[in-house]
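Listed here are the chains, written in short residue letters.
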Amino acid sequence: MSARVARRLPVVGVVNGGKAQTLSLMGEELDRVRRGVWFRFAGVKSAALSKRQIRDLLMSEGAPAEFNVPQRLWRATVEDTVDKIRAWQQSVIATEVHPRIHSHTTDDAERKRLLGLARCGRWCVDPWLSRQCRNAFTPKRPRSRRGGRIVADNCSYDTA
């Protein structure tokens, strides 16, 4: 049995059965990593943390040892997931919170301050803005998809 593996480049290769099974198991483990990061870091308390701070926090807790994947793949998956969380938060803020900010105040300085806090991820500093963001995030909580996707950083692996 052989499986086809698609790469980011438009190159597709045939993989033998043993390698396909190994990649499938790694993809399942990395899905567990993604679910854990989404569950733990998509909230208010971690909104101002950078992906490096989140990765360092997980490393200090020994999180990579819990998963049966190489640490480089674990790290790339964590960073990719944090990027997706931030993109999701920014899209919800842009579609839901920005109109509320514009209707909340007519003062240009206050509006600019609130928009700046929302843009840079420090929205939990202002109580009104924090409540608006939490109310916008709650019903739109995305589900992490199980795709068996393996994210590899471009510095570690040859793509040729």
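Quantities reported herein were computed from a predicted structural model and do not represent experimental measurements.

Hey, could you run me through the overall build of the protein chain in this one?
Across its full length, the protein chain holds five helices and two strands. Along the protein chain, helices and strands appear, N-terminal first, in the series β-β-α-α-α-α-α. Taking all 160 residues of the protein chain together, 35% fall into the buried category. Once local pairs closer than 6 in sequence are excluded, the contacts in the protein chain between residues at least 24 apart make up 65%.

Just checking my understanding: could you explain the packing of helix H3 (residues 71–104) against helix H5 (residues 127–137) for this structure?
When two helices pack together, their arrangement is given by the angle between the helix axes and the distance between those axes. Across the interface, H3 lies against H5 with an axial gap of 9 Å and an inter-helix angle of 130°. Between H3 and H5, the angle falls in the class oblique. H3 and H5 meet at a crossing whose hand is right-handed. From H3, Trp 88, Gln 89, Val 92, Ile 93, Glu 96, Val 97, Arg 100, Ile 101 and His 104 reach across to H5, where they touch Trp 128, Leu 129, Gln 132, Cys 133, Asn 135, Ala 136 and Phe 137. Here the residues of the contact of H3 with H5 sort into 10 nonpolar, four polar and two charged.

What am I meant to see in the packing of helix H1 (residues 17–41) against helix H2 (residues 51–60) here?
Remark: H1 packs on H2, axes separated minimally by 13 Å, with the N-to-C direction vectors making an angle of 110°. Between H1 and H2, the angle falls in the class roughly perpendicular. Crossing handedness for the pair H1 and H2: right-handed. Residue-level contacts link Val 37, Arg 40 and Phe 41 of H1 to Ile 54, Leu 57 and Leu 58 of H2. Looking at the contact of H1 with H2 residue by residue, the class counts come to five nonpolar, no polar and one charged.

Is there a simple way to explain the pattern of salt bridges in this structure?
Between side chains of opposite charge, pairing is possible as soon as their charged atoms come close. Evaluated as defined, the whole model comprises nine salt bridges. With a closest N to O distance of 2.7 Å, Asp 31 and Arg 34 form a salt bridge. Of the two residues, Asp 31 and Arg 34 are both situated in helix H1; the distance of three residues between them amounts to about one turn of the helix. Exposure class is identical for Asp 31 and Arg 34. Each is buried. One salt bridge in this structure joins Glu 110 and Arg 113, with 2.9 Å as the shortest N-O distance. Linking Glu 110 with Arg 113, this pair stays in helix H4 (residues 108–120), spanning three residues, or about one helical turn. Here Arg 113 falls in the partly exposed class, since its relative accessible area comes to 37%. When salt bridges that share partners are traced, they join Arg 55, Asp 56 and Glu 79 into one network.

Rules of the game
Residues numbered from 1 in each chain as written. Predicted model: local features only at pLDDT ≥ 70, side-chain atom pairs only at ≥ 80, totals over all residues. Heavy atoms only, no water. Helix = DSSP H or I, 4+ residues; strand = E, 2+ residues; numbered from the N terminus. Buried < 20%, exposed > 50% of the residue type's maximum accessible area, 1.4 Å probe, protein only. Contact = heavy atoms within 4.5 Å. Axes fitted to C-alpha atoms, helices over the stretch in contact; angles between N-to-C directions. Parallel < 35°, antiparallel > 145°, perpendicular 65-115°, else oblique. Left-handed = near helix turned anticlockwise from the far one by under 90°. Nonpolar A, V, L, I, M, F, W, Y, C, P; charged D, E, K, R; others polar. Salt bridge = Lys/Arg side-chain N within 4 Å of Asp/Glu carboxyl O.

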